[in-house]
Amino acid sequence: MSDINSNQKKESRLLRKLRMTIFVDKSFEEIITFRFAPWTLAVSVVAMAILLIAGVTILIAFTGLREYIPGYPTGEERRAIIQNMQRADSLINEVELRDLMLRNMRDVLRGDLPESAWRRDSNVTLTRQSLAAINSEKSGAETKFVREVEQNEEYDIATNADAPVTMNSELESTFFFTPAKGVVTNHFEDGHYGVDVSIAESTPVLSTLDGIVFFSEWTLQTGFVMMVQHDNQLVSVYKHNAKLLKQSGQRVSAGECLALTGNSGEFTTGPHLHFELWYKGTPLNPENYINFELEK
């Protein structure tokens, strides 16, 4: 019974009418009178607070008053932020293009298919295995046509790698530093795009020209390999090293020590340096430009 009475009292307090009157101080003349219930007062206060917050938010968001708020960026600062974001995106694209170029050069020098040849676009990516399968699936008519051509005509078709360049007039004035001196055991020929110089292990391997190292890693077949990009689209390659002394991205000078000779990799029969020289994607005979033999 007492609980019922207490609840009725609370309800009566919320529903009972209140009056607020404004009088003149001296004459007690009534100016205005407000009549309200307690719950309507609470609702009115909440509504006014919401309207006030919404109004301030609109003023800050859509007018220039926001620039006077401490910590809020000005128009110039926002423009600078956007420009920096655009520059960052451009730099990221440039770095990705450079990395792709370096990977393609590495694949070409390894004898693999370059990445740009099997990546058509961002939506369709072909693996080397799928390309091999596609190339192997030739129609009967195509195979017959190729056989007829081979029987009736003789073609001398060669890739850049199968058509070695001899003395190049553009490079005659270039001075090549000798990477290492020793005994040349294997010369430049078809399928062997460099020279093998037999030399004692841990002999310094020197850079033939100024350039930038773009590959300095271990490979299963040729061991520790270093590749250097030079001016005039020249690339020098140093294989079967025992230790690499430079990392990718480092700039080197002609005659600077790059590595120590060794006997690393599967394709080796003893301590030696395998040296290659490439010009515009075509292998050159290094002996046309460099003397590897020891002076007697």
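See above for the structure.
Residues numbered from 1 in each chain as written. Predicted model: local features only at pLDDT ≥ 70, side-chain atom pairs only at ≥ 80, totals over all residues. Heavy atoms only, no water.

J.: Break down the environment of Val235 for me, citing the residues and quoting the values.
T.: As for its position among the elements, Val235 is in strand E8 (residues 234-244). In this structure Val235 comes out as buried when scored by relative accessible area, which is 6%. Each C-alpha atom, one on Val235 and one on Met105, is 9.3 Å from the other, the two residues being 130 residues apart in sequence. (Helix = DSSP H or I, 4+ residues; strand = E, 2+ residues; numbered from the N terminus. Buried < 20%, exposed > 50% of the residue type's maximum accessible area, 1.4 Å probe, protein only.)

J.: Got a sec to walk through the pairing of strand E10 (residues 257-261)? Specific residues and values, please.
T.: The pairing of strand E5 (residues 204-206) with E10 spans three bridges and is antiparallel. Bridge pairing in E10 places Leu206 opposite Cys257. Judged from the three bridges that link them, E8 and E10 form a sheet pairing that is antiparallel. Following the sheet pairing, Lys243 is matched in E10 by Leu260. (Pairing = 2+ DSSP bridges.)

J.: Provide a residue-level description of the pattern of salt bridges, including the pertinent values.
T.: Evaluation of the coordinates by the stated rule reveals two salt bridges. Of the charged contacts in the structure, one is a salt bridge between Glu276 and Lys239, with a shortest N-O distance of 3.2 Å. With Glu276 in strand E11 (residues 272-279) and Lys239 in strand E8, this residue pair connects regions lying 37 residues apart in the sequence. For Lys239, a relative accessible area of 9% corresponds to the buried category. Where Lys246 meets Glu256, a salt bridge forms, and the shortest distance between an N and an O atom there is 2.6 Å. With a gap of 10 residues between them, Lys246 in the loop between E8 and strand E9 (251-252) and Glu256 in the loop between E9 and E10 connect regions that are remote in the sequence. Taking relative accessible area as the criterion, Lys246 reaches 16% and is therefore assigned buried. (Salt bridge = Lys/Arg side-chain N within 4 Å of Asp/Glu carboxyl O.)

J.: So what about the nonpolar core? Which residues, and what values?
T.: Counting 26 residues, the largest nonpolar core has Leu234 and Phe275 as the members making the most contacts within it. If you list the elements that add at least two residues to this core, you get strand E4 (195-198), strand E7 (223-229), E8, E10 and E11. Per-element accounting of this core gives the leading share, four residues, to E11. Once residues lying within four places of it in the same chain are set aside, the contact partners of Leu234 are Leu171, Phe176, Leu209, Val228, Gln229, Leu277, Trp278, Tyr279 and Leu284. Counting eight residues, the second-largest nonpolar core is a separate cluster that includes Met105, Phe215, Val225 and Trp278. (Core = buried A, V, L, I, M, F, W, Y, C linked by side-chain atoms within 4.5 Å. Contact = heavy atoms within 4.5 Å.)

J.: Can you explain the packing of aromatic side chains? Please cite residues and give values.
T.: Any aromatic ring pair is given by two values, namely how distant the centres are and how the planes are angled relative to each other. A complete count under the given rule lists five aromatic pairs for this structure. Ring geometry for Phe176 against Tyr289: centres 5.4 Å apart, planes inclined by 55 degrees, an arrangement best described as tilted. Pair noted here: Phe176 is in the loop between helix H6 (140-152) and strand E3 (183-186) and Tyr289 is in the segment after strand E12 (282-284), with a separation of 113 residues, a long-range link. (Phe/Tyr/Trp six-rings, centres within 6.5 Å; stacked < 30°, edge-to-face > 60°.)

J.: Tell me about a nonpolar patch on the surface, residues and numbers included.
T.: Residues Met20, Ile22, Val24, Ile31, Ile32 and Phe34 make up a contiguous nonpolar surface patch of about 490 Å² in total accessible area. The set of elements that each furnish at least two residues to the nonpolar patch consists of strand E1 (18-23) and strand E2 (30-36). The element best represented in the nonpolar patch is E2, accounting for three residues. Note on placement: Met20 falls in strand E1. (Patch = residues over 30% accessible without salt bridge, like charges linked within 9 Å, V, L, I, M, F, W, Y side chains within 5 Å. Areas by Shrake-Rupley, 256 points an atom, 1.4 Å probe, with all protein chains shown as cover.)

J.: I'd love a proper account of the pairing of E11, names of residues and values included.
T.: Among the eight residues in E11, eight count as buried, and that is most of the element. The alternating pattern of E11 places His272, His274, Glu276 and Trp278 and Leu273, Phe275, Leu277 and Tyr279 on opposite faces, both of which are buried. Strand direction decides the pairing type here: E4 and E11, joined by four bridges, are antiparallel. Counterpart to Val197 in the pairing with E11 is Leu273. In this sheet, E11 lies alongside E8 in antiparallel orientation, the contact comprising six bridges. Residue pairing in the sheet places Leu234 in a bridge with Tyr279 of E11. One ladder, built from three bridges, connects E11 with E12; its direction is antiparallel.

J.: Mind laying out the environment of Phe177, listing which residues take part and the relevant values?
T.: As for its position among the elements, Phe177 is in the loop between H6 and E3. Measuring from C-alpha to C-alpha, the distance between Phe177 and Gly255 comes to 6.0 Å, with 78 residues separating the pair along the chain. In this structure Phe177 touches Leu206, Ser207, Thr208, Gly255 and Ile290, once residues within four positions along its chain are discounted.

J.: Quick one: what's the story with unusual backbone geometry, residue by residue and with numbers?
T.: The phi angle at Gln233 is positive, at roughly 60 degrees, despite the residue not being glycine. Relative to the helices and strands, Gln233 is located in the loop between E7 and E8. A positive phi angle, near 65 degrees, is found at His240, a position not held by glycine. Among the secondary structure elements, His240 is positioned in strand E8.

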